[in-house]
2 protein chains.
Amino acid sequence: MAGAGTTTPRERYRAQVRAEVKERAWEQIATAGASALSLNAIAKHMGMTGPALYRYFANRDELITELVRDAYRSLADGVREARAAGADATGLAHALREWALADPQRYFLVYGTPVPGYHAPDDITAIASEIMGYLLDALNALDVGGDWVADCPTTPLDAHLADHRDWAGDHPAPPAVLHRALTFWTRLHGILSLELAGQFHGMGFDPARFYEAELADLSGRSTST
Amino acid sequence: MAGAGTTTPRERYRAQVRAEVKERAWEQIATAGASALSLNAIAKHMGMTGPALYRYFANRDELITELVRDAYRSLADGVREARAAGADATGLAHALREWALADPQRYFLVYGTPVPGYHAPDDITAIASEIMGYLLDALNALDVGGDWVADCPTTPLDAHLADHRDWAGDHPAPPAVLHRALTFWTRLHGILSLELAGQFHGMGFDPARFYEAELADLSGRSTST
DNA sequence: CCGTTTCGTTAGAGGCTATCACTAAGGTTA
DNA sequence: TAACCTTAGTGATAGCCTCTAACGAAACGG
């Protein structure tokens, strides 16, 4: 019997095949989008027949869910590492942008159009709130003196968020910081998703500069008001 | 030969079948997303066999493109009407939100995850810039006295936009207004797309209030700085 | 009334997901 | 070593899908 931490050859082989399937899947997704992902085509690329892959993934949905999980995980790791390297909220925003540009379809797999019936498993939503946690940390750290929060007028939305802060877990950030975290997320996502979708194509301006400008606005007002 | 403006019975019938196909298509899209749209299933629902529909649409892509066109058209009409009824930029934002909530999948068809290879035909991008035109009008009208633009510091991004303003056509809006139009679009889209994608699910707060808060911020700063 | 155009059908190629029964190979145990 | 069990991969099959081609039938227009 295999002790904890050891792996049998069979388990190693299994893990390797699963990894190769996912690798091919990412290639397919990058070139044709997630809806065009085909287990059959992946199998043929690997020199197998279609049904063989059902030994490794219960169905197409399970493979996609696994890819979504990996994508979330890679973003969370990137953000955590940026934070560990001393990045502030702006640094996290840059990490997000680089992660998004590196593989647009991966970004869309996480933040793009959902299929109506689908509901992500709990461990994936847990990773999502882990990412939100890093953002809250970064924004909260900007406010160590408490001066920005103190100066900040209490808006009706802040009061509302004070009553609905379950999503922040037990994070100590005050409502004004929760508010800022939401604006960070939604504003950056607004730019990134439109840019990656090609909606800025033919408009001529440089999305990176616009991103920087929004970021400056997002950070600047913590000190200027 | 039918004179201009008249229609033969055949043309009427054809238009009616095409309309019914699109109607069924919207139902399918609303419940299962665009990727699950099936010409075959639509035909069966209409009491026909699958291949019959190829008399009306060259292929699946053409049907989807038609739906995208209709969706854009309906948004443009809504925004134009709101503007004609005297709505300012905030009013347009409310029109956008209602249009989005009325049919989330329709919103995603227009602003959601694109298929990597796909390129929209020119008339569709023309509708997109028509919508942008209404937004520029509304934002420009806020600034009739020119005081906000005058007070507004010329940012590097504004200078950049002054050099890349092709997308605004021959609209007289100054660079600062172009900048504001971009922030309007991207910030509102950021919230709407995440909300419709269900990313706020389980977070507890009311997205409508957050939308209002962003809108207040977007409008408020035109007078406060 | 008759030719022409258009519509809808069936048949079929080729793709997909997914299940099933079966073989062949690998590991385990007596 | 031999018997056994587990697992990987196969072909066959069902049931979807898109899309093409050929054929009958209906409707239109002169």
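Source: prediction; values computed, not measured.

A. Fine view of the protein's contact with DNA strand D. The local shell around DNA strand D holds 22 residues, among which Y13, R55 and Y56 of chain A together with N40 and Y54 of chain B are the closest. Within the contact set of DNA strand D, a phosphate oxygen lies 3.3 Å away from a side-chain nitrogen or oxygen of S38 of chain B. Between DNA strand D and N40 of chain B there is a distance of 3.0 Å, counted from a phosphate oxygen to a backbone nitrogen or oxygen. Counting only elements with at least two residues in the surface near DNA strand D, the list comes to helix 1 (9-32) of chain A together with helix 1 (9-32) and helix 2 (39-45) of chain B. Considering each element in turn, the surface near DNA strand D owes the most residues, 4 residues, to helix 2 of chain B.

B. Examining helix 3 (residues 60-84) of chain B more closely. Residues and elements named next belong to chain B. Spanning 25 residues, helix 3 covers 36 Å between terminal C-alpha atoms, matching the ideal 36 Å at 1.5 Å per step. Every buried residue of helix 3 is listed here: L63, I64, T65, E66, L67, V68, A71, Y72, L75, A76, V79 and A82. A side-chain oxygen of the first residue of helix 3 lies 3.2 Å from the backbone nitrogen of D61; this N-cap is N59. Looking at the residues trailing helix 3, positive phi occurs at G86, about 95°.

C. Spatial organisation of the packing of aromatic side chains. Residue and element names in this part refer to chain A. The final tally for this structure, using the stated rule, is 18 aromatic pairs over all chains. Seen in terms of ring centroids, Y107 and Y111 are 5.2 Å apart; in terms of plane orientation they differ by 45°. Their pairing is tilted. Linking Y107 with Y111, this pair stays in helix 5 (residues 104-111), spanning 4 residues, or about one helical turn. Per residue, the accessibility class of Y107 equals that of Y111, and both read buried.

D. Seen up close, the domain arrangement of chain A. Residue and element names in this part refer to chain A. Per the domain assignment, the segments of chain A are domain 1 (1-57) and domain 2 (59-224). On a C-alpha basis, the centroid separation for the pair domain 1 and domain 2 is 31 Å. When domain 1 packs against domain 2, the two sides together hide about 1300 Å² of surface, and 68% of this comes from carbon and sulfur. For the domain 1 face of the interface with domain 2, the top three residues by lost area are K22, W26 and F57, together amounting to 46%.

E. Quick look at the interface of chain B and chain A. Tallying the contact residues gives 46 residues for chain B and 47 residues for chain A. Roughly 3800 Å² is buried in total at the junction of chain B and chain A, and carbon and sulfur atoms are behind 65% of that figure. The residue R187 of chain B makes a salt bridge to D217 of chain A at a minimum N-O spacing of 3.5 Å. Across the contact surface, chain B and chain A share 13 residue pairs in polar contact (both at pLDDT 80 or more). When residues of the side of chain B that touches chain A are traced back to their parent elements, those giving at least two are helix 1, helix 5 (104-111), helix 8 (156-163), helix 9 (175-196) and helix 10 (207-224) of chain B.

F. Structural detail: the protein's contact with DNA strand C. Around DNA strand C, the structure places 23 residues, and the nearest of them are N40 and Y54 of chain A together with Y13, R55 and Y56 of chain B. Each atom of DNA strand C within 4 Å of the protein belongs either to a base or to sugar and phosphate, the latter forming 64%. R10 of chain A has a polar side-chain atom sitting 3.5 Å from a sugar or linking oxygen of DNA strand C. In the model, a phosphate oxygen of DNA strand C is placed 2.5 Å from a nitrogen or oxygen of the Y56 of chain B side chain. Secondary structure elements with two or more residues in the surface near DNA strand C: helix 1 and helix 2 (39-45) of chain A together with helix 1 of chain B.

G. Representation of the relation of the copies chain B and chain A in the model. Note on the copies: chain B fits chain A at an RMSD of 0.1 Å, the axial shift is 0.0 Å, and the rotation between them is 180°. In short, the pair behaves as if placed about a two-fold rotation axis. Rotation axis and chain B: the residue whose C-alpha lies nearest the axis is G190 of chain B, separated from it by 1.8 Å. Taken as a fraction of all interface residues of chain B, those also at the interface in chain A reach 100%, which identifies the copy contact as same-surface.

Calculation criteria
Once a new chain begins, its residue numbering starts again from 1 and follows that chain's sequence as written. Written order decides the labels, with chains lettered from A and ligands numbered from 1. Two thresholds apply to this predicted model, a pLDDT of at least 70 for residue-level local features and 80 or more for giving and counting side-chain atom pairs, whereas whole-chain, interface and lining totals are computed over all residues. Each side-chain value is worked out from all heavy atoms of the structure, with water and hydrogens disregarded. Residues are labelled near a given molecule or strand when at least one of their non-hydrogen atoms is within 4 Å of it. Polar contacts, as used here, are pairs of N or O atoms within 3.5 Å; protein pairs need one atom able to donate a hydrogen and one able to accept it. Residues neighboring in sequence count only if both atoms are side-chain atoms. Starting at the N terminus, helices and strands are each numbered in turn, a helix being any DSSP run of H or I of at least four residues and a strand any DSSP run of E of at least two. A helix is expected to span 1.5 Å for every residue after the first. Think of it in three bands: with a 1.4 Å probe and only protein chains considered, a residue is buried below 20% of the maximum accessible area for its type, exposed above 50%, and partly exposed in between. Each Phe, Tyr or Trp ring, with Trp reduced to its six-membered ring, pairs with another whose centre is within 6.5 Å; inter-plane angles below 30 degrees give stacked pairs, above 60 give edge-to-face pairs, and intermediate values give tilted ones. An automatic or database domain assignment supplies the start and end points of every domain. A quick way to say it: buried area is the sum, across both parts, of accessible area lost when two parts are put together, with a 1.4 Å probe. Contacts are residue-level and defined by heavy atoms, with any inter-residue pair within 4.5 Å sufficient. Note on definitions: salt bridges are taken to be side-chain nitrogens of Lys or Arg within 4 Å of carboxyl oxygens of Asp or Glu. A least-squares superposition brings the copies together, and it is based on the C-alpha atoms of residues with pLDDT no lower than 70 in both.

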